[in-house]
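Survey of secondary and tertiary structure
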Amino acid sequence: MPLVAGRSPWLLMARSRGMMATMRLFHGQEGLICSECGVVHEGLATVFGPEAPDPWVEAPLSARVQGELGRDQCYLPWQQRLYTFIRGHIVLPISDRPDETFAWSVWSTLAPDDMETLEAHWDDPRRADLPPMPGRLANSLPYEESTQGLALHVRHREPGQVPHFVFAMDAEHPLAVEQREGIPWHRVAELNGQLA
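Residues numbered from 1 in each chain as written. Predicted model: local features only at pLDDT ≥ 70, side-chain atom pairs only at ≥ 80, totals over all residues. Heavy atoms only, no water.

**Some words on helix α4 (residues 174-181)**
- Looking at α4, one finds that the buried residues are Leu-175, Ala-176, Glu-178 and Gln-179. Take α4 and look down its axis: the buried residues cluster within an arc of 160°, on one side only.
- Looking at the packing, one finds that the buried side of α4 touches β5 (81-93), β6 (101-109), β9 (164-166) and α5 (185-195).
- Count one or two residues on from α4 and you reach Gly-182, which has phi positive near 90°. (Buried < 20%, exposed > 50% of the residue type's maximum accessible area, 1.4 Å probe, protein only. Helix = DSSP H or I, 4+ residues; strand = E, 2+ residues; numbered from the N terminus. Arc of directions from axis to C-beta. Contact = heavy atoms within 4.5 Å.)

Below, the structure written as structure tokens:
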């Protein structure tokens, strides 16, 4: 699948709070030769993501000054409405490396009432027991078909871990298909070449 340039400012995530362990290095061990191109892909990042939701980047400074952009939550009062966003991971299994995953560290909309519920349970050890909440992807990722606004479910995890964003099983967008079926290691190398 060809890649196209995304509009979002990209950031190789390298945070340490236990929720965004991101850079995994592979040093040419036997068996790591790419089955698609025959090259040993070393030192590939397995998590990429923008620093903010696209609406935050696109909003005028006057709206951003009144809002707040944190590591995992974003509040944007704009156009007489409060927009709330949560950071999470869209995890893609790596089909030819069963113990590895690739993740898009992205932002989703979250209804203000759902954000209040999440805030009330932010440090609750049972936060993962919250039911999934509906959201919409708030970032443009480098796919031919737009990703912004894709419907998803926010699945909560324990404190210190970002939620997982999961698409419906019948979603047909290429990103949703990759989440269900996985991607080859070569695709991880391709994404590294495009974004790193």
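There is more to say after this.
**Details of helix α3 (residues 112-120)**
- When we look at burial in α3, the residues that qualify are Asp-114, Met-115 and Leu-118. Summarising the axial view, the buried residues of α3 lie within an arc of 100°, below the 170-degree limit, and thus occupy one face. Turned more than 90 degrees off the buried face of α3, the exposed positions are Asp-113, Glu-116 and Ala-120.
- On its buried side, α3 packs onto β4 (73-78), β5 and β7 (133-136).

**Some words on the environment of Glu-68**
- Within the fold, Glu-68 resides in strand β3 (residues 68-69).
- As a C-alpha pair, Glu-68 and Thr-84 span 16 residues in sequence and 9.7 Å in three-dimensional space.
- Excluding its chain neighbours within four sequence positions, the residues that come into contact with Glu-68 are Trp-56, Gln-73, Cys-74 and Tyr-75.

**Considering the pairing of strand β8 (residues 151-155)**
- Here β8 shows a clear split, with Leu-152 and Val-154 buried on one side and none of Ala-151, His-153 and Arg-155 buried on the other.
- Relative to β8, β7 is paired through four bridges, and the arrangement is antiparallel. Paired with Met-133 across the strands is Val-154, a residue of β8.
- Looking at chain direction, β8 and β9 are connected through three bridges and run antiparallel. Following the sheet pairing, Arg-155 is matched in β9 by His-164. (Pairing = 2+ DSSP bridges.)

**Some words on the nonpolar core**
- Counting 32 residues, the largest nonpolar core has Ile-90, Leu-92, Phe-102, Trp-104, Leu-137 and Leu-175 as the members making the most contacts within it.
- Mapped onto this core, the elements with two or more residues apiece are β5, β6, α3, β8, α4 and α5.
- Residues in contact with Leu-175, not counting those within four places in the same chain, are Ile-90, Leu-92, Trp-104, Leu-137, Leu-141, Tyr-143, Thr-147 and Phe-167.
- Residues Ala-52, Ala-59, Phe-85 and Trp-107 belong to the second largest nonpolar core, which totals nine residues. (Core = buried A, V, L, I, M, F, W, Y, C linked by side-chain atoms within 4.5 Å.)

**A short note on the packing of aromatic side chains**
- With the rule as written, the count across this model stands at three aromatic pairs.
- When the ring of Phe-48 is compared with that of Phe-102, the centres are 6.2 Å apart and the planes differ by 40°; the resulting orientation is tilted. Placement of the pair is Phe-48 in strand β2 (residues 47-50) and Phe-102 in strand β6, with a sequence separation of 54 residues.
- Phe-48 sits in the buried class, given a relative accessible area of 1%.
- On the basis of an interplanar angle of 85° and a centroid distance of 5.2 Å, the ring pair of Phe-102 and Trp-104 is categorised as edge-to-face. Of the two residues examined, Phe-102 and Trp-104, each falls in the buried class. (Phe/Tyr/Trp six-rings, centres within 6.5 Å; stacked < 30°, edge-to-face > 60°.)

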